[in-house]
Amino acid sequence: MDVTSFDMRWEIVGSGWAKLTWIADDDELQVITSYTGHGLQDLLRTAVDLHLGSGSSLAWLSDEPHAHVFVFTGAAEHVYVQILLLPDEYAEDPWIGAKRRWAARIPVHAFLTAAANMAQAVLDQYGETGYKQAWRNMSFPSQELALLRSERP
């Protein structure tokens, strides 16, 4: 399945907790995550990887003890994305029992744009200081946002 419209939203819902809303066409998936996984930074790093020409990347959003892993593969004009739910990220083999929650191909450009816009909206709302306070003393991923906004090499 190829997605034609795509967006993401990041909402801090408590001290060190956030909700990612993943919107692909008419599908909407919500993922709760904690600061322990640096979720926003991980998603931006994945976007930077794709922006710089990588064919694959992975983002890990912790939900203690669960985790959502976003697997990006086969990137060119589109990238195939699978969102997997791991039942216990602290298990000896956290992949045992993983369940796929969502999968489709999305335009790389749409993902990059959505990631940059999502991060900018968080920065606009909280600023770097407010984000650090709300996100358990973790810094806002400014470097990743700057790299994502830069011209592609």
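Each value, and the rule that gives it
- Residues numbered from 1 in each chain as written.
- Predicted model: local features only at pLDDT ≥ 70, side-chain atom pairs only at ≥ 80, totals over all residues.
- Heavy atoms only, no water.
- Helix = DSSP H or I, 4+ residues; strand = E, 2+ residues; numbered from the N terminus.
- Buried < 20%, exposed > 50% of the residue type's maximum accessible area, 1.4 Å probe, protein only.
- Contact = heavy atoms within 4.5 Å.
- Areas by Shrake-Rupley, 256 points an atom, 1.4 Å probe, with all protein chains shown as cover.
- Lys, Arg positive; Asp, Glu negative; His and termini not counted.
- Charge placed at Lys NZ, Arg CZ, Asp CG, Glu CD.
- Pairing = 2+ DSSP bridges.
- Axes fitted to C-alpha atoms, helices over the stretch in contact; angles between N-to-C directions.
- Salt bridge = Lys/Arg side-chain N within 4 Å of Asp/Glu carboxyl O.
- Core = buried A, V, L, I, M, F, W, Y, C linked by side-chain atoms within 4.5 Å.
- Parallel < 35°, antiparallel > 145°, perpendicular 65-115°, else oblique.
- Left-handed = near helix turned anticlockwise from the far one by under 90°.
- Nonpolar A, V, L, I, M, F, W, Y, C, P; charged D, E, K, R; others polar.

1. A short note on the overall build of the protein chain
Phase 1: Scanning the protein chain from terminus to terminus reveals 3 helices and 7 strands.
Phase 2: Listing the helices and strands of the protein chain from first to last along the sequence gives β-β-β-α-β-β-β-β-α-α.
Phase 3: Along the longest, intermediate and shortest principal axes, the C-alpha atoms of the protein chain span 40 × 40 × 30 Å.
Phase 4: Relative to its full complement of 153 residues, the protein chain shows a buried share of 46%.
Phase 5: In the protein chain, 50% of the contacts between residues at least 6 apart in sequence involve partners at least 24 apart.
Phase 6: Entry remark: accessible area of the protein chain is about 7600 Å², with carbon and sulfur atoms responsible for 48%.
Phase 7: On the protein chain, the mean spot of the 11 positive side-chain charges and the mean spot of the 20 negative ones are 1 Å from each other.

2. Thoughts on the sheet that holds strand β3 (residues 27–34)
Sheet strands pair by backbone hydrogen bonding; their relative direction is either parallel or antiparallel.
Phase 1: With antiparallel pairing, the 3 strands of this open sheet are ordered in space as β1-β2-β3. Sheet topology places β1 (6–14) and β3 at the edges, where each strand pairs with a single neighbour. For this sheet, the mean angle separating the axes of adjacent strands, direction not counted, is 20°.
Phase 2: Bridge analysis of strand β2 (residues 17–24) against β3 gives 8 bridges, and the strand direction is antiparallel. Within β3, the position partnered with I23 by the bridge is E28.

3. Overview of the sheet that holds strand β5 (residues 66–73)
Phase 1: Spatially, β4-β5-β6-β7 is the arrangement adopted by the 4 strands of the open sheet, whose pairing is antiparallel. One side of each edge strand has no neighbouring strand; the edge strands of this open sheet are β4 (57–63) and β7 (99–107). Strand-to-strand twist in this sheet, taken as the mean axis angle between neighbours without regard to direction, amounts to 15°.
Phase 2: Running at roughly 105° to β7, helix α2 (residues 108–134) makes contact with β5, β6 (78–86) and β7 of the sheet.

4. Details of the pattern of salt bridges
Phase 1: Evaluation of the coordinates by the stated rule reveals 3 salt bridges.
Phase 2: Here E11 and K19 are joined by a salt bridge, their closest N and O atoms 3.6 Å apart.
Phase 3: A salt bridge links E144 to R45, with the nearest nitrogen and oxygen atoms 3.1 Å apart. Placement of E144 in helix α3 (residues 142–149) and of R45 in helix α1 (residues 39–51) is noted, with a sequence separation of 99 residues between them.
Phase 4: Look at E144 and you get buried, because its relative accessible area is 9%.
Phase 5: Taking relative accessible area as the criterion, R45 reaches 41% and is therefore assigned partly exposed.

5. Comments concerning the nonpolar core
Phase 1: Grouped together as the largest cluster of nonpolar side chains are 44 residues, with contacts concentrated most on F6, W10, W22, F70, W102 and F111.
Phase 2: The leading source of residues in this core is α2, at 13 residues.
Phase 3: In this structure W102 touches V3, W22, A24, D27, L29, V81, Q82 and I83, once residues within four positions along its chain are discounted.
Phase 4: Counting 5 residues, the second-largest nonpolar core is a separate cluster that includes A67, V69, V71 and L84.

6. Remarks on the pairing of β1
Phase 1: Direction of pairing for β1 relative to β2: antiparallel, over a ladder of 8 bridges. Directly across from I12, in β2, lies its bridge partner A18.
Phase 2: Linking two consecutive strands that pair antiparallel, namely β1 and β2, is a turn of 2 residues; a positive phi of about 80° is found at G16 within it.

7. Brief notes about the packing of α2 against α3
Phase 1: At a minimum axis separation of 10 Å, α2 and α3 run at an interaxial angle of 140°. One element, α2, and the other, α3, form an angle in the oblique class. The element α2 and its partner α3 pack so that their crossing is left-handed. In this structure, α2 uses L112, A115, A116, N117, A119, Q120, L123 and E128 to contact α3, whose residues at the interface are S142, L145, L148 and R149.
Phase 2: A per-class count over the contact of α2 with α3 returns 7 nonpolar, 3 polar and 2 charged.

By themselves, these observations are geometric and do not establish any function.
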